Structures are given as C-alpha cells and as structure tokens.
Amino acid sequence: MAADKLRDLSQPMDVALLDATVDAFYGTGSKEERAAADHILRDLQNNPDMWLQVVHILCNTTNLNTKFFALQVLEGVIKYRWNALPAEQRDGMKNYISEVIVKLSSDDISFRRERLYVNKLNIILVQILKHEWPARWRSFIPDLVAAAKTSETICENCMVILKLLSEEVFDFSRGEMTQQKIKELKQSLNSEFQLIHELCLYVLSASQRAELVRATLSTLHAFLSWIPLGYIFESMLLELLLNFFPVTAYRNLTLQCLTEVAALAFGEYYNKQYVKMYSIFMVQLQGIVPPTTNFLEAYANGNNEEQAFIQNLALFFTSFYKSHIRLLESSQESINALLMGLEYLINISYVDDTEVFKVCLDYWNSLVLALFEAHHNLDNPAATANMMGVQIHIIPGLNDAHNSPLMQRRQLYAGPMSKLRLLMICRMAKPEEVLIVEDENGNIVRETMKDNDVLVQYKIMRETLIYLAHLDHEDTEKQMLKKLSQQLSGEDYTWNNLNTLCWAIGSISGSMVEEQENRFLVMVIRDLLNLCEITKGKDNKAVIASNIMYVVGQYPRFLRAHWKFLKTVVNKLFEFMHEIHPGVQDMACDTFLKIVQKCKRKFVTVQVGENEPFVSELLTTLPTTIADLEPHQIHSFYESVGTMIQAESDAIKRDEYLHRLMQLPNQKWAEIIGQARQSVDFLKDPDVIRAVLNILQTNTSAATSLGTYFLPQISLIFLDMLNVYRMYSELISTSIAQGGRYASRTSIVKLLRSVKRETLKLIETFLDKAEGQPHIGKQFVPPMMDPVLGDYARNLPDARESEVLSLFATIINKYKGSMIEDVPRIFEAVFQCTLEMITKNFEDYPEHRLKFFSLLRAIAANCFPALIHLSSEQLKLVIDSIIWAFRHTERNIAETGLNLLIEMLKNFQASEFCNQFFRTYFLTIEQEIFAVLTDTFHKPGFKLHVLVLQHLFCLVESDGVTEPLWDVATVPYPYPNNGLFIREYTIKLLSSSFPNMTTTEVTQFVNGLFESGQDLPLFKNHIRDFLVQSKEFSAQDNKDLYADEAAVQREKERQRMLSIPGLIAPNEIQDEMLDS
C-alpha cells in the first residue's frame, strides 16, 4: 500500500514515507525489508517524472540519506536529459540549487554542519554548469565572485566550486564531453580568469581565516597548470606563495602550488623569475629543514603532514629540475643553490617509502641519461650541439683551454653523481634471478612470488647505475670495493647491505672494458669467497651464497677468460647443491645452467693443468653431486650437463659422455621394464608410476639441451616407452568409463596422465630440437601412428591428451612436405572428434583449442595440397573451425585462427581452385571479419583483421577471381565485375550494422578501402577512423589499434640499448659465445 502511494507521482510525495523507506534500505532490519525498500527506490529512480519531486523532497526532509537519494535522481537527469527539458524547468532548478548553496554556506555553523550535503550540491551545480555555461549562463563567474565577497564562508565554498569546475574541464572531461564543448569551456575559463585571479589574491593578502586560505590555495593548485603565465609572474601571486611557504599550516598546500609553477615550461621569457623563485625558496627551506637533516629518520618518525611535506619537497625539486635545471648552471650563486638542492634530493632519496623513492628515481634516471648522452656523443660534434639544446653560459671559474662546455657540465655534477652512485648501491632493488629473501620476521626464506613493482624498479635502477658507471668507471669501482671491504671487516655487515651491494655489482656487468672488469671481479669474487669462509651461521651462509651465485652468473665473459675462477665457482655451486637452506639449491642449479650455457666449450676441452675435460670429472662424481637435490633440480642439472656434452665435437666422446650421463635413469628404467615383463601389474603401483615419470622428465631435460645428439638415448627407450604409454592409456580409459568424469580427477589417473604427457613432451622436444636429420622423422613417426594417434581417436574426450595435437603440429612443421601422405590419417584421427569437443562453447578444453588450431595451421602452411584433396564437407568444417577460432575472445586462439586464415587465402589464391574457393567463402569471410573488427572484445586482433580485409579487397580489385562472386540464380542484375558487386555488398552490410551512420559516410569508407588497398598504413588508418566514427570504440581504449607502431618503437629502443655497453645484460644477449 505504502509502496503504491510512493510510486504515485501525480501529487506531492509523502516525504515522511520516503524517509522511512530510505531508512529501511540503510537500516539494520531484515533482509526482506531491505530488498523491498531497494525495489521501491529503484522504481522511483527509473521513473522519468521522479526528478520533478526533488525540490519538494529537499525542502521537506532533514534525513541526509534521503537528500542524497533525491540528488542522485537529479544528477541522472542533468547528465542525460538536461538539454531536453523546457527552459523554465532548467532555470528553476538552476536557481534553486544556487540559492540552497548560498543559504547553507552563508553562516559558519550551518556550513560546517551541512558540509557533506553542500559538497554534493556543489557537484550538482558543476554538472549543470557543463551544460549551461557559458552560452546560457554568461554571468556565472561574475555572480560567483560577487557572492564570494559577501562572506568568508561563502567565499570558501566558491573556491571549492571553482576547483571542481577546473577539474571537470581540464582533468576529467575526456569521454564525458565533446571536444568542441571542452574547448569552449576552457576558453571561457581562460577569458574570465581575471576575476578569479583578483579574488584569490584578495583572499591571500587580506584573509585571516585559515580554512578560507587553505581552500584558496587548494583551488589555485588546480588552476596553476593551465592559467596564462602572466597571472603568475606579473602579479603578486608568486611572492604571496613564497611568503606562505614558511607558515606550518599552509606549508604543504603552498609547496604543491609552487611545484605546479616549477613544472611549467613555456620558452625563456620568465627565466629570471624562475631563478629568483628558486633562490628565495632555497633560503626559506634552510630555515624549515637544514640540508644536513636525516630525512630517513625524519620521515620514519614524522606525522602525516611531515611525511607529506617530504614527498612534496621531492616533487618540487624533481619538477623544477626537469624543466629548468639549465637556468641554474649559469652563475656561481645559482650553482651553489643547485648543488644544495641536489644534496637535499639525494638525502630525500634515502627515505624508506616506495612512492617517494619512485619520484626521486624517475628524476635521477632522466638526469643521468642526459649527462651520459652528452658524454656518449662527445666524439660527434653535430650530435653534441643537438644534445646541448640552448647554449649555456658556463661560469668563468670552471673554464680551461681544452675543456668543452660538456666536460665542464660533467665536472659540475661530479660531486652529486658520486653521492648518487652510493645511493644506488645502498638501495639497489632485487633482480629476478635472486630467489632468497628476508621475510617480515627477519628469517631468510625462498621467495614464493615475484614482485613486479620491485622488478620494474630494478630495471630503472640498473639502467641508472650503468649510465653512472659510464660517466666515471673509477669512482663506481672505488665505491663498490670500499663497501665490500666494510662487509668483510664487519663494520657495515648486514644482510641488506651485502645484498644491495652484490645486486649493484651484478647489474653493471658489461659496462666496463674487459681489462678493468677482470681486475675488479678478481677482487670481488675473492672477497665474497673469503666472506663465505669466515662467516658463521646458516642464514648468513645462505645470504652470502645467494650473492656469490648472482654475481658470477652476471659475468660470463670473465669466467670464460679465467678457467681457475670458473672451476672454483662451479665447484662452489656443487657445494651449495648440498645446502638444504630454502632457495639455495634452486639458485645453485639455475646459476649452474646459466654459466654452462655461456661457457660450455670450456668444460669439454682439457684445460691447462688438468688431466681430463671437466665434464668427464663431473660425470664420475655425478651421483654424489646430485644426492641432495629434489627431482626438479636434478632435471635442471641434467639439462646443464647436456649443454656441456652438446659442445663436444667428437661424436665418439659425445656418445660416451651421454651414456655415462644417462646411466642412473637407464639402470632404473631397465629394472622397471624387466619387472613389467614378468608381471604387467607392477606398472600400476603409484611409486613405480612416479619413478617412470621422473625418468621421462630427466630424459626430456637432457633432450632439451642435446637436440640431435640425444638420438642414441631415445632409440634405446622409445619402443618400451610407447608400450607403457599404450598400457597407461587403457588404464585411464577404463577408470573414466567406470567412474565417469570425476574419475579423471583422482590422483592415480592424474599421475597416469602425467606419464602420457611427459612421453609426448619428450618425443616432441627431441624431434623439435633434432636438426638436419630428415630420416629421424621416418624412423619415429610410423611406430607412433597407432599407440598415439589411434589411441587419441579411441579415447573418451576427457582422456584425450592435447599434447598429441602439439606433437603432430611440431612434426609437420619440422618435416614439412614429406608428411603429406600422413595428413589424411592425422585428419581422420583428430579432426572430427576434437571439433566436437571444442565447438559446444568457448570455454571447455582450452588446451585442446589452441593446439588444434596450431596443428591446422601447420598443415595449411606445410602440407597445403593435402587440404585441397579434402571433400567439400571436410573443407567446410575447416573453414567453419577457423571462423570459430577468430571469434574467440581468447587472444592466442583468435590470432592463430587469423594467421591460419591469411595463409589459406594466399594458398588458395595461388591454386587452380581459386575461383571455386572464393565463390563459396568470400562473402562469409568478409562478413565474419567485419563482425569481429567492429566488436570491442576483439580489438587485439586489429592488425590481422586489417590484413585479411586488405587481401580480400586487393583480390577483387585486381580481378584475381574471374567468376562472379554473386549468386547468378538469385541476382537478376549482372554486375560488370566482382569489384562493383563487393562494393555494393559491403555498403549494404555496414549500413545495416551501423544505422547511426549515413549511407554517404559508409559509401565514402568503402570507396576508401578499395582506393587504399595497396598501401597498408593508409588502409589501416582508414579503418581506424571508421571504427572511431562508428562509435564502436571510445577514445580511451584504442591502444590495440596502434600495436604495430608501438612494436616499431620498442625495437628502436632495443637497438639504442644495444649500442650502450652493459645496458642489455651480457647473459641476455643471444651470442654464440665462441669460447674455444
């Protein structure tokens, strides 16, 4: 009853009843009461006439929640229906809101009491302004300024409104208003700023009311980024701000305003004022915090205001220096102030707060890069002139005959840069390779999750430190060795100090010339090994071990040149492999693999002073070395030794090493197979299944690094392995047939499936890595046809391994055309049954989906003639499955489908079936591609959608299809050519899909497609414009449409980094490492 009364909007609403409903919604009553209230309020909100009751409700309620509900209704009307309302209703609402705001903010008590309500009203007023001002409410700013002068509380609220307006226009307008409207509002604010400016100056110079001054400073902060510079530098404003800076109550707000001014950079007109501003600021700052302040402690012990002050100080310095540091290099006086400011910034950089450090680090990186680039270009005078930009006047004291301005600039910054090196060394972030960390309880543990923020920070710090090293190698080396000796003497030894130092040492790898690097590392590694000997305690050992491993892993060039060191390091790693402290063994195995990959030949040649190659010695002691390792660590170890053996060029020695390496797993395998021949049930024991899995994984690891040379080993176990595969497959099928879908989740079935997957992975790894041996395919593929392919077809869907699909995709990619005869069998075994699994929806069997389309792609690319011989039903299935693939929102699957489609189009165009194929599928493909192109879920595929369309349009434009693409039976009008038909078809297709676009716009777009078809960048831009025009994509999410351009930019950056020694770590550079 009450609900019906509320819903009847033909008479003034019963406000008391609405209050009760709102209270029921926010109250602690029963769930049913809240649901009923929610239902009523939603109905009211959706009623188009509800907004007419808003004034009545606001006048008659004291309930804040009810007021907010009414304002929410009003906000919806303002956003979406305002311009459709009659003028008198708009004016009435506008005047009412303005009056309520003035009334509530005219005296201090009601303003404080109703603060939340007034804030919401302010937001509503600004929403109205976005529609009404300037055209229909020209006097708004003069009215507001006049009202502000009548009372200090009204003035305070006017400041809030102005700030909101500025933020709406300059910060949040994108996507909310049309570009034209934004431009109009910006021009109005600019042209009327004179009045606002006078009001702000008046308040700052005359008001004693702290809240009003704070509101004014806060509003100025929002304005300073866009107002004309004359208002700042040609008035009292800057002087007033600098006077407010020492006052504790206004310090942070003033500093934020000064930071906005510091960040402005418009030519040289106000250079003198900037220098003056900086000098006055520095004098005042020394009075607030002396330069010797320990900011680390001040921040840790400070309250929120003090911490914000330190953060704002960092923002001020970095903003000022980014735009104006050159101005401060021109006289001795300003240089002194600059050096003091840099000192402040370095001290603030030690503050233990991520946000503060990010601000500082970002600036240090750009400053050091600028100094380094100038230094890097010294040999190239033209580039140097560019780097310099403005010619600066260097002070006479620094000059001498052969000193260029660039060298003087480097000397000027030498002191701060040296302190910055120490900062970078002390605060170095953790690299990805380090697995051992200190937890919050101070224990040394294995890292469980990668912290991406730390990795990003490491990347920037590493880059900064490399530039710093290039600027002065001597100082970098001196500081690092000094810190290291303090670790050894114990005066500065803590886990954190040792870690950051070693991470810094590792991070500059590649930046020194070889001779200096050799000298430096001999001392570093010697000291670290000594530290490991003299330090007691498990945790200490783990930290030092982790650091030794990290450092040596970063310097492959040094290890290749120094066999004694290399051998000592590897033996040390073997020692660490027995250290059961969490993370140490993992890191030892990772580092061993990294070192072996870069120095593999050193281990298979007899070194000076040795009787046999290191690999032979290692194989003799292998069982002892791996005795304490976990299975996954043993697999990594086998991959490392495989890498060594692969470097041996003598086939006899290589086979002998392989035989010795695989002795342990082969012994175990022979035992298991022997037992199984006696009784097959032996293979069903879970421990035996685990042993089989482990042996196969060990083989896969060795195959990964040995490639072709793994042939003797895989030949040994291949047929037995297929028999085990077949048997386990039958066991799985029986279990699933008896126990239904849930049987596939039992531990025994999971274990059996792991063995099947590992078998497939081993075969795939070997065939993929085996180079230049076409006969291997013929040797291994036929025996697999029934145990693997036949088994896949026979199995229940839940028991099919997706790895079968990827294995055959690998085989076809590897052996290409020679597999054509086998394609029909592969097709028969996997095609129909897999399609049935994946076309029921887009979610089930995700692994099978991607691998199925990869297999199809391999067949299309390498065995295309086999596709031509498919029946028309089978070919239709292929095309349907490709369309199914690119409709996927899963990016990998969609991209595989599109790439496959592009290959099919090219191959069919070149075949004798060109007309037949395109007559059947051209229109379907075009329609489907346009459907995904204009659907926001498929934006990442944009680049490939464009390529498909380009191919189709070029094909008809060049008369590549000689038979009509239209259905002659149903289209009475014969078109002169396919080009005209496709134009008309496309215009109809798009016009019906986008009724918001005129036929002229669509026709223009389609004609443009045909005209720009030969020019890919032009064609792509044309489609981009259409997508924005058709309103399918809004302005804020178009980065995928520019993915190609972004990739080009990334490649340029990589080339730049490769040109600077050390910027890409030596172990990341793909080189052959000719270390003979």
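Residues numbered from 1 in each chain as written. Predicted model: local features only at pLDDT ≥ 70, side-chain atom pairs only at ≥ 80, totals over all residues. Heavy atoms only, no water.

To continue, consider the overall build of the chain. Along the backbone of the chain there are 51 helices and two strands. By principal-axis analysis of the C-alpha atoms, the chain measures approximately 105 × 90 × 70 Å. The long-range share in the chain, meaning contacts at least 24 apart out of those at least 6 apart in sequence, stands at 74%. Summed over its atoms, the accessible surface of the chain is roughly 49000 Å², and 53% of this surface lies on carbon and sulfur atoms. Between the mean site of the 103 positive side-chain charges and the mean site of the 132 negative ones, the chain shows a separation of 1 Å. (Helix = DSSP H or I, 4+ residues; strand = E, 2+ residues; numbered from the N terminus. Contact = heavy atoms within 4.5 Å. Areas by Shrake-Rupley, 256 points an atom, 1.4 Å probe, with all protein chains shown as cover. Lys, Arg positive; Asp, Glu negative; His and termini not counted. Charge placed at Lys NZ, Arg CZ, Asp CG, Glu CD.)

This next bit is on helix 25 (residues 473-489). Here helix 25 spans 24 Å end to end across 17 residues, near enough to the 24 Å set by a 1.5 Å rise per residue. Turning to helix 25, its buried residues number three or more, namely His-473, Asp-475, Thr-476, Glu-477, Gln-479, Met-480, Leu-481, Lys-483, Leu-484, Gln-486 and Gln-487. If you follow the buried residues of helix 25, they end up packed against helix 23 (405-426), helix 24 (452-471), helix 26 (495-507) and helix 27 (514-534). Between a side-chain oxygen at the N-terminus of helix 25 and the backbone nitrogen of Glu-474 the separation is 3.2 Å; the capping residue is Asp-472. Looking one or two residues past helix 25, Gly-490 carries a phi angle of roughly 90°, positive in sign. (Expected span 1.5 Å × (residues − 1). Buried < 20%, exposed > 50% of the residue type's maximum accessible area, 1.4 Å probe, protein only. Polar contact = N/O pair within 3.5 Å; in protein donor to acceptor, adjacent residues only side chain to side chain.)

Let us look at helix 40 (residues 803-815). Its 13 residues give helix 40 an end-to-end C-alpha distance of 18 Å, which sits within 8% of 18 Å, the value for a rise of 1.5 Å per residue. Taken across its 13 residues, helix 40 has 11 buried, putting it largely inside the fold. The complete set of buried residues in helix 40 reads Glu-803, Val-804, Leu-805, Ser-806, Leu-807, Phe-808, Ala-809, Thr-810, Ile-811, Ile-812 and Tyr-815. Lining the buried residues of helix 40 we find helix 37 (711-739), helix 38 (747-769), helix 39 (774-794), helix 41 (823-838) and helix 42 (846-862). One or two positions beyond helix 40, positive phi appears at Lys-816, with a value near 40°.

Further remarks concern the pattern of salt bridges. In this structure the tally under the stated criterion is 45 salt bridges. One salt bridge in this structure joins Arg-136 and Glu-132, with 2.8 Å as the shortest N-O distance. The exposure class of Arg-136 is partly exposed, given its relative accessible area of 39%. Judged by its relative accessible area of 1%, Glu-132 is buried. (Salt bridge = Lys/Arg side-chain N within 4 Å of Asp/Glu carboxyl O.)

Our next topic: unusual backbone geometry. The phi dihedral of Lys-816 is positive, around 40°, even though this residue is not glycine. Residue position: Lys-816 is located in the loop between helix 40 and helix 41. Unusually for a residue other than glycine, Asp-959 sits at a positive phi of about 55°. One can find Asp-959 in the loop between helix 47 (942-957) and helix 48 (978-993). Judged by relative accessible area, which is 49%, Asp-959 ranks as partly exposed.

Before going further, it helps to examine the packing of aromatic side chains. Two numbers describe a pair of aromatic rings. These are the distance of the centres and the angle of the planes. One pass over the structure, following the stated rule, counts 49 aromatic pairs. Look at Phe-193 and Phe-223: their rings are 5.4 Å apart centre to centre, the planes differ by 70°, and that puts the pair in the edge-to-face class. Placement of Phe-193 in helix 12 (residues 193-206) and of Phe-223 in helix 13 (residues 210-223) is noted, with a sequence separation of 30 residues between them. As far as the burial class goes, Phe-193 and Phe-223 line up, both buried. Aromatic pair Phe-295 and Tyr-344: ring centres 6.2 Å apart, planes at 65°, arrangement edge-to-face. Linking Phe-295 in helix 18 (residues 295-301) with Tyr-344 in helix 20 (residues 332-348), this pair joins segments that are 49 residues apart in sequence. Considered together, Phe-295 and Tyr-344 belong to a single accessibility category, that of buried residues. Across the ring face of Phe-309, the terminal group of Arg-251 is positioned such that the distance to the ring centre comes to 5.2 Å. (Phe/Tyr/Trp six-rings, centres within 6.5 Å; stacked < 30°, edge-to-face > 60°. Lys NZ or Arg CZ within 6 Å of the ring centre and 35° of its normal.)

A separate point is the nonpolar core. Counting 359 residues, the largest nonpolar core has Phe-281, Phe-317, Tyr-321 and Trp-364 as its most contacted members. Contacts of Phe-281, omitting those with residues within four sequence positions, involve Leu-242, Phe-245, Leu-255, Leu-258, Leu-313, Phe-316 and Phe-317. (Core = buried A, V, L, I, M, F, W, Y, C linked by side-chain atoms within 4.5 Å.)

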